[in-house]
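What follows is each chain in one-letter form.
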There are 2 protein chains.
Amino acid sequence: MADFELLRELQHKNTSKIVMLIMDGLGGIPFEPGGQSALEAAKTPNLDRLAEEGTLGQVVPIRPGITPGSGPAHLALFGYDPLTYEVGRGVLEATGIGMEVGIEDVAARGNFCTLDSSGNISDRRAGRISSNEAIPLVQKLDGIELPGVSLDVRHVREYRFAVVMRGADLNPEIADTDPQATGVPPLSARAHISTANLTAEHFNRWIEKAGEALSDEKKANGLTLRGFSSDPRLPQFTEIYGLRSACIAVYPMYRGVSRLVGMDVVPFDGDSPEQEFETAVSQWNAFDFFFIHIKKTDSSGEDGDIQKKAKVIEDVDKALPTLLNLNPDVLAVTGDHSTPAKLKSHSWHPVPFLLWAPDTVRMDSQDTFGERSCQLGGLGTFPATDIMPLLMAHAKRLRKFGA
Amino acid sequence: MADFELLRELQHKNTSKIVMLIMDGLGGIPFEPGGQSALEAAKTPNLDRLAEEGTLGQVVPIRPGITPGSGPAHLALFGYDPLTYEVGRGVLEATGIGMEVGIEDVAARGNFCTLDSSGNISDRRAGRISSNEAIPLVQKLDGIELPGVSLDVRHVREYRFAVVMRGADLNPEIADTDPQATGVPPLSARAHISTANLTAEHFNRWIEKAGEALSDEKKANGLTLRGFSSDPRLPQFTEIYGLRSACIAVYPMYRGVSRLVGMDVVPFDGDSPEQEFETAVSQWNAFDFFFIHIKKTDSSGEDGDIQKKAKVIEDVDKALPTLLNLNPDVLAVTGDHSTPAKLKSHSWHPVPFLLWAPDTVRMDSQDTFGERSCQLGGLGTFPATDIMPLLMAHAKRLRKFGA
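The sections below set out a description of the structure shown in this document. (Residues numbered from 1 in each chain as written. Chains lettered and ligands numbered in written order. Predicted model: local features only at pLDDT ≥ 70, side-chain atom pairs only at ≥ 80, totals over all residues. Heavy atoms only, no water.)

**Points about the relation of the copies chain A and chain B**
- For the match of chain A to chain B, the screw axis carries a shift of 0.2 Å, the RMSD comes to 0.2 Å, and the turn is 124 degrees. In symmetry terms, the pair is related by a three-fold rotation axis.
- Residue by residue, only 4% of the interface of chain A is reproduced at the interface of chain B, so the copies engage with different surfaces. (Least-squares fit on C-alpha atoms with pLDDT ≥ 70 in both. Contact = heavy atoms within 4.5 Å.)

**Some points on the side chain of N171(B)**
Residue and element names in this part refer to chain B.
- Here N171 is to be found in the loop between strand 6 (160–167) and strand 7 (174–175).
- Polar contacts involving the side chain of N171 include one to the main-chain amide nitrogen of E173, which spans 2.9 Å.
- Apart from the residues lying within four places of it in its own chain, the contact partners of N171 are V106, I193, T195, A196 and T199. (Helix = DSSP H or I, 4+ residues; strand = E, 2+ residues; numbered from the N terminus. Polar contact = N/O pair within 3.5 Å; in protein donor to acceptor, adjacent residues only side chain to side chain.)

**Comments concerning the packing of aromatic side chains**
Residues and elements named next belong to chain A.
- Applying the stated criterion to the full structure yields 24 aromatic pairs over all chains.
- A ring pair is formed by F353 and F382, whose centres lie 5.3 Å apart and whose planes are at 85 degrees; its orientation type is edge-to-face. Highlighted residues: F353 in strand 14 (residues 351–356) and F382 in strand 15 (residues 381–383), separated in sequence by 29 residues.
- For F353, a relative accessible area of 0% puts it in the buried group. (Phe/Tyr/Trp six-rings, centres within 6.5 Å; stacked < 30°, edge-to-face > 60°. Buried < 20%, exposed > 50% of the residue type's maximum accessible area, 1.4 Å probe, protein only.)

**Considerations on the packing of helix 10 (residues 273–283) of chain B against helix 12 (residues 306–324) of chain B**
Residue and element names in this part refer to chain B.
- One can describe the packing of helix 10 onto helix 12 by two numbers: an axis separation of 8 Å at closest approach and a directional angle of 15 degrees. Relative to helix 12, helix 10 is oriented roughly parallel. Crossing geometry of helix 10 relative to helix 12 is assigned as right-handed. Between helix 10, through P273, E274, F277, E278, A280 and V281, and helix 12, the contact on the second element is made entirely by D315, V316, A319, L320, T322 and L323.
- For the contact of helix 10 with helix 12, a count of residues per class yields eight nonpolar, one polar and three charged. (Axes fitted to C-alpha atoms, helices over the stretch in contact; angles between N-to-C directions. Parallel < 35°, antiparallel > 145°, perpendicular 65-115°, else oblique. Left-handed = near helix turned anticlockwise from the far one by under 90°. Nonpolar A, V, L, I, M, F, W, Y, C, P; charged D, E, K, R; others polar.)

**Here we look at the interface of chain A and chain B**
- Between chain A and chain B, the residue contacts involve 28 residues of the former and 31 residues of the latter.
- Taken over both partners, the interface formed by chain A and chain B buries close to 2300 Å², and the fraction arising from carbon and sulfur atoms is 61%.
- Summed over the three residues of chain A that lose the most area to chain B, namely R362(A), F401(A) and A403(A), the buried surface amounts to 34% of that side.
- At the boundary of chain A with chain B, the tally comes to zero salt bridges.
- Put simply, chain A and chain B have eleven residue pairs in polar contact (both at pLDDT 80 or more) between them. (Buried area = accessible area lost by both parts, 1.4 Å probe. Salt bridge = Lys/Arg side-chain N within 4 Å of Asp/Glu carboxyl O.)

**Focus: the sheet that holds strand 11 (residues 264–265) of chain B**
Residues and elements named next belong to chain B.
- On the basis of which strands lie adjacent, the open sheet formed by eight strands has the order 11-10-12-1-13-14-2-15 and mixed pairing. Every other strand in the sheet has two partners, leaving strand 11 and strand 15 (381–383) as the edge strands with one partner each.
- Pairing between strand 10 (residues 245–249) and strand 12 (residues 289–294): five bridges, direction parallel. Counterpart to S245 in the pairing with strand 12 is F289.
- On top of the sheet, helix 12 reaches strand 1 (18–23), strand 12, strand 13 (330–334) and strand 14 (351–356); it is set at about 170 degrees to strand 1, its chief contact.
- On top of the sheet, helix 14 (residues 387–394) reaches strand 1, strand 2 (55–60), strand 12, strand 13, strand 14 and strand 15; it is set at about 145 degrees to strand 1, its chief contact. (Pairing = 2+ DSSP bridges.)

These figures come from the coordinates and say nothing about function on their own.
What follows is the structure, encoded as structure tokens:
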């Protein structure tokens, strides 16, 4: 992983601008031998020009063969080895929607579910109820009071919400209550270790009251909790690299992980690549580093829709001039992991990586941005945690090591 | 880094000869997109033939993105992770000119400087006085006597000298006295920790007497000291690899680091590649391993002179037959780091690497020696600390691990 001590020692401030453009789940594989991945099939004149002028490579998100979740994959992009720095899903979700999770608080991610008359789960996502339906239910939950602790409950999206418990002697070592199956009841909150027994009791009492509050609902008459976790107190990105850092992302999870490492999450309207790039334009002078996150490459991959994934990449390519007109000193284009449409899920395959830095780059022999050109790229195959030191170097923000 | 324990266990002696030819700062980048680096532009028929018959790759000196100084970069070439093994500049400089630095001694690098009438530095390098001017001044300094310690002062080159203090209870944890600025006086020697207070006092007393000795000089009437350090007691190269090892280098620094790891520094006249290779010829039977260091690739890169850098590489290529006529079993040609003329400084870019070993090499598809061919080379991209195990293997000097 990136050696934070060394980077702190060598960092050097200047006026350069670094952009990390992440297309979530960018990497893919063809459906048929000899076919093309979504990235290869997409018409991307701007990305191809950057590939020609820059250097390619491919990135291993966590370890060879390991398929990452979104949280660990993004930590790795920021230089944190996810095997060293673990961040719970509850904290990611809660901080992603702007909730405070103090170091003594416990956060969890909640899903509404549908229970049948016997109390067994008939739908783990409550028929995927809309946000409009869910928000009043979250308000009910937020009104629940318990002795000894206070709880903050907020809606995330559709059937999902986040809950943060605050009080004395709390401990997040609690197993998920989601049984990951239908036809059985939700599990109770069970402590992994005895020092978490009290916290589990608080949550079970809250779950009971929540069940009463939801008992009249048809679809969302139950809930499950998972990802119990506390603030992992990560070393701060801004301080390790000495970069005023902005996160431009639509989805809460990515804002959450950015906030945990100390980036400023920039609010904006809309969710198109163009709108995200326009946000970078409006914030250009306020920051040194821009993390820009595009979600739909991943979701179309998970839907198995390779055409749609190619279309999302083309949309990003069309919007790119807005970003390029800012003349960033260093631009990296990559993904947090691969999401091949053929597999309809995240995968372990290395992720195409493009480095463009007109002043400092060593070109390679490649002139298109795709999986196969990146395999032959000048940067070789390298771990995601090496990305940030590389970008810092190309921005001339690292001093020489030793005489 | 290289696993010294494993190498000691597996090493196997035979009559093979290994040559590591280092062109300092070899790697580069083109000035213009689509242009050529110095190495690519240079006409190198011999190196190209070796590239065709051998295997290429590219080497990461320290860590991705980290620009190395010469000391750490050479330690890495020899298999020592520079983040684990730190060697102070004072020790490097002093040992480089053949001074003994015992484990209880403290060495520092000295620069003559010019002080104005108020005692402020007006030129940090004393107008870059010549060696002829500096040598008598160094003799004056070498004559200074202090109670409780003895000092040895020797000239290095132009305005630079080295000083070694010997005595009881010395400690090198002392900050540089060079303020890295003009218009201010030199700093006094200040201890980082209390156990170095005594040593700092000794040095301050010496600096005072030195000032008196130089007071009549016009240009070199002051001095600064830096890189206070002691012998780092490195594991010995000769013993780790079981190689009788020779250093053939013109500049003191490279001789210094070679001596610290236990190589024999071979004296010779001249400073041309041909003269260095002739030295290898004359010493061929006395050693198993030859580290040959070419400096001018780096200095021309630092001057921003890409034509001159290409010319230096061509000179090395022309002289190569002298070396090749010795029929080495294994020849590696690479650099300690990149020094792109465009950047006029050391850089973090990986370094082109050529491995030629007629008996054992697996050829790749490349037939010229350059940055882009090395990006596509059969050895891929790998850390500099892996070079020595590779050379040992190709010399059939490592036994099988396990049954």
